[in-house]
Every structure is written in structure tokens, then in C-alpha cells.
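# Structural features, examined
One letter stands for each residue in the lines below.
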Amino acid sequence: MKLGMVGLGRMGANMTRRLMRGGHEVVVTDLSADNVKHIAGEGAIASASLDDFVTKLGKPRVAWLMVPAGGPTEQTVQTLAQKFQAGDILIDGGNSYFKDDIRRSKQLKDKGIHYVDVGTSGGVWGIERGYCMMIGGPKEAVQHLDPIFKTLAPGRGDIPRTAGREKMAGTAEDGYIYCGPSGAGHFVKMVHNGIEYGLMQAYAEGFDIFRNATSKELPEDQRYDLNLADIAEVWRRGSVVSSWLLDLTAMALAENPTLSEYTGFVQDSGEGRWTIQAAIDEAVPVDVLSAALFTRFRSRQEHTFAEKVLSAMRQKFGGHVEPASSAAKKTA
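Procedures and definitions
- Residues numbered from 1 in each chain as written.
- Predicted model: local features only at pLDDT ≥ 70, side-chain atom pairs only at ≥ 80, totals over all residues.
- Heavy atoms only, no water.
- Helix = DSSP H or I, 4+ residues; strand = E, 2+ residues; numbered from the N terminus.
- Buried < 20%, exposed > 50% of the residue type's maximum accessible area, 1.4 Å probe, protein only.
- Contact = heavy atoms within 4.5 Å.
- Areas by Shrake-Rupley, 256 points an atom, 1.4 Å probe, with all protein chains shown as cover.
- Lys, Arg positive; Asp, Glu negative; His and termini not counted.
- Charge placed at Lys NZ, Arg CZ, Asp CG, Glu CD.
- Core = buried A, V, L, I, M, F, W, Y, C linked by side-chain atoms within 4.5 Å.
- Pairing = 2+ DSSP bridges.
- Axes fitted to C-alpha atoms, helices over the stretch in contact; angles between N-to-C directions.
- Salt bridge = Lys/Arg side-chain N within 4 Å of Asp/Glu carboxyl O.
- Patch = residues over 30% accessible without salt bridge, like charges linked within 9 Å, V, L, I, M, F, W, Y side chains within 5 Å.
- Phe/Tyr/Trp six-rings, centres within 6.5 Å; stacked < 30°, edge-to-face > 60°.
- Right-handed = clockwise from strand over helix to strand, strands pointing away.
- pLDDT = per-residue confidence, 0-100.

### What to know about the overall build of the chain
Across its full length, the chain holds 15 helices and 8 strands. Here the chain holds 332 residues, and the buried ones make up 37% of them. Taking the contacts inside the chain whose residues are at least 6 apart along the sequence as the reference set, 63% of them involve residues at least 24 apart. Surface accessibility of the chain: about 18900 Å² in total, with carbon and sulfur atoms responsible for 57%. Averaging the coordinates of the 38 positive side-chain charges in the chain and doing the same for the 40 negative ones gives two points 3 Å apart.

Okay, here's the thing in C-alpha cells:
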């Protein structure tokens, strides 16, 4: 099948490679001419501009966008919409807000252009492992794109079949599903990322407890000098908390048990915030997911003004004085 890939960052480039390995023709475009040249050297069809890109696509035209969510995606969608015709398909494979998908799909429907939203998980490992995809949009367009999804997906592999699953139809076992109408794919991926925040935070807090098990605040006979890399490794083998995130944690700790190359400044890409907003809209309590998001905010600050207010109140009502090390930091 012939399609286009807009955006050749880490995921876009690797998805292009996986598609080409699967026998698809891929026309590519990117803001970086070097990125286009590099992937064209591996067999992709280069284009010099979006106009050139559109002319090199087959009909119906299919373009997969892997550009940053927000302004870049909006601009690219609107530009391609002016160049596409009725029956053509635009796929947003990034991390767009599902409400933007709903708006765009309505706008493009008036022109007869199909808009498909694909929540894509797999990161830099997806080229070999495959990509888990959560898909929303017009069902007929999604069905037309099935050969693309099948190539990008992990496939069934050697994962044991879930008991009772043999009675169910669908593509979930292959690593991709049709979630529903426009926005549904990115809605499912949004919550997926919110859950990811919670899982990551749970691992992080657990290993922080291990790291501080030598604290002088503890009785000497309750102090433990633990091997964090070994703990992560043994949990990968038969433990109920094993997961791919734990695999990556074990890898990082094996490389450097102190993680000294990291500052602990943790970004969020937006999906965690949107997940909390969806929970508010639905009146669903999400204690873990919200705490995980707020912890990321906290990681980017030194002591906050709120913490200074707390410290001031403690000093005023009880004469509690900050440790000397904290006072030194405050005046440094």
C-alpha cells in the first residue's frame, strides 16, 4: 500500500522503516531536508515540500502525521486539507487532544476527507517490537487502512492467549483496535498515558524507599544497603509487578545504580493533564493518577512558596526551625 509520512522524528522515521520492511511504499516529508535524505537512502520516496508530497501519493491519498501535538499538528492538518480531495485520508498518529480530533473530523467531513486518530504507543523500541495502536474515526476508512495497521502492530507473538479470548473476534490480540468514532483512539491513548504516569510513579517511589533504607534516621539494625539493580532484575522474573516499564528501570539501574546522570526534572506531555480533566468531567476519582501528575510538576521546582508558608506556620505555632542545611540553601 502507498502512503505518506509527515514528520521523521524518532517515531516517524522508525514507523517508516517498519512499513517499508512490510512491503509498503512510503512518501516522506519533514522540516529537515537531512532527515528526508537519510530515510530516502533507505528506500523511502523523498519529497521536497508538502505540494510535492501530495503529488507523489496514490489515490485515495493517505497521509500519516507524526508531528508534535497542538500547533504543528493543527497547521499540518489544515494545510493538507487544502490540498486533499474527497475520499482522501488524514491520519493523526501523534498525541493530539481527543476534542481537537472531533473538531477536525467534522471540518474535514464537509470536504469529504476522512480523518482518523491513532493513539500510538511503542516509542523508540517500536521498530522491532511493533506499535500498539488505538484507532478512532470513520469505520470504512479504518478498514481501508487495515494493511498499514497490521504491519505496524506487534502481532500475536508469543504472548499467552487470555482465557476466554478464543470466543472473541477482532484485532486486539494483534496489537491494534478500533475504539470508535472520531476522538476515541486518542481518548483511549490519553488514559493509557495517565495510567503510565501512575505506574512509573509507583516504581519510582518504591525504589526511593530502597535507596533510603540506609538512612541514619533508622535504628542501625533496620538499615539495609540494598542492590537496586538486582531487585529490579529479580522482579522481572516471576513477580506480579513485572512489566516493560520495570524492564527499562532494570536496564537504567544496571547501567548506573545511582542514576547520577539524571537530575529528576520530569516533564509531562499533556495526556496526564487531559486524563485528569476527563476524570473531573465524568466525576471519577483518580487519586493515584492525579498525584503522579502533580509529582511531575513538583519535580521541576526548588522549594515552592507553599512550602515556605508551611515552614513559616510551623515556626510560628511551635517554634520549629528549619535544618541548617535548608537555611544554607535559602541564603546561597
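### Points about the nonpolar core
With 31 residues, the main nonpolar core has Met-5, Trp-64, Val-116, Met-133 and Phe-149 as its most contacted residues. The element contributing the most residues to this core is helix α1 (residues 10–21), with 4 residues. Listed in part, the 16 residues of the second largest apolar core include Val-27, Phe-53, Val-67 and Tyr-115.

### Examining the sheet that holds strand β4 (residues 62–65)
The strand order β3-β2-β1-β4-β5-β6-β7-β8 describes an open sheet built from 8 strands, whose pairing is mixed. In this open sheet, the two edge strands, each paired with only one partner strand, are β3 (45–46) and β8 (176–180). Here strand β1 (residues 2–6) pairs with strand β2 (residues 25–29) via 5 bridges, running parallel. Residue pairing across strands places Met-5 opposite Val-28, the latter belonging to β2. Where α1 meets the sheet, its contacts fall on β1, β2, β4 and β6 (114–121), and the angle it forms with β1 comes to roughly 165 degrees.

### Here we look at the pattern of salt bridges
A full pass over the atoms with the stated rule returns 18 salt bridges. Here Arg-17 and Glu-42 are joined by a salt bridge, their closest N and O atoms 2.8 Å apart. Linking Arg-17 in helix α1 with Glu-42 in the loop between α2 (33–40) and β3, this pair joins segments that are 25 residues apart in sequence. Overall, the relative accessible area of 39% leaves Glu-42 in the partly exposed class. As a salt-bridge pair, Asp-52 and Lys-56 come within 3.2 Å of each other at their nearest N and O atoms. Owing to a relative accessible area of 21%, Asp-52 belongs among the partly exposed residues under this scheme. The network of salt bridges with common partners includes Glu-74, Asp-92, Asp-100, Arg-103 and Arg-104.

### Brief notes about a nonpolar patch on the surface
A cluster of nonpolar residues, Phe-305, Val-309, Leu-310, Met-313 and Phe-317, forms a patch on the protein surface that exposes about 570 Å² of accessible area. For Met-313, a relative accessible area of 44% corresponds to the partly exposed category.

### Side note on the packing of aromatic side chains
Counted according to the given criterion, the structure contains 10 aromatic pairs. With a centroid separation of 5.7 Å and an interplanar angle of 55 degrees, the aromatic rings of Phe-210 and Trp-235 are classed as tilted. One end of the pair, Phe-210, is in helix α9 (residues 184–211); the other, Trp-235, is in helix α10 (residues 228–235), with 25 residues separating them in the sequence. The exposure class assigned to Trp-235 is partly exposed, which follows from its relative accessible area of 26%. Between Phe-294 and Phe-297 the ring centres are 6.0 Å apart and the planes differ by 40 degrees, which places this aromatic pair in the tilted class. In this pair, Phe-294 and Phe-297 are both assigned in helix α13 (residues 287–299), 3 residues apart and thus about one turn of the helix distant. A relative accessible area of 48% means that Phe-294 is categorised as partly exposed.

### Focus on the pairing of strand β5 (residues 89–92)
Here β5 shows a buried face lined by Ile-89 and Ile-91 and a second buried face lined by Leu-90 and Asp-92. Inspection of the sheet shows β4 paired to β5 by 4 bridges, in the parallel sense. When the sheet's bridge partners are listed, Val-62 is paired in β5 with Ile-89. Pairing of β5 with β6 involves 4 bridges; the strand directions are parallel. Its bridge partner being in β6, Ile-91 is matched across the sheet by Val-116. With helix α5 (residues 98–109) bridging β5 and its parallel neighbour β6, the resulting β-α-β unit is right-handed.

### A closer look at the confidence of the model for the chain
Here the chain averages 94 in pLDDT, and 98% of its residues register 70 or above. When the criterion is pLDDT under 50, residues 327–332 qualifies, and its contacts beyond four places in sequence or with other chains add up to 1 contact.

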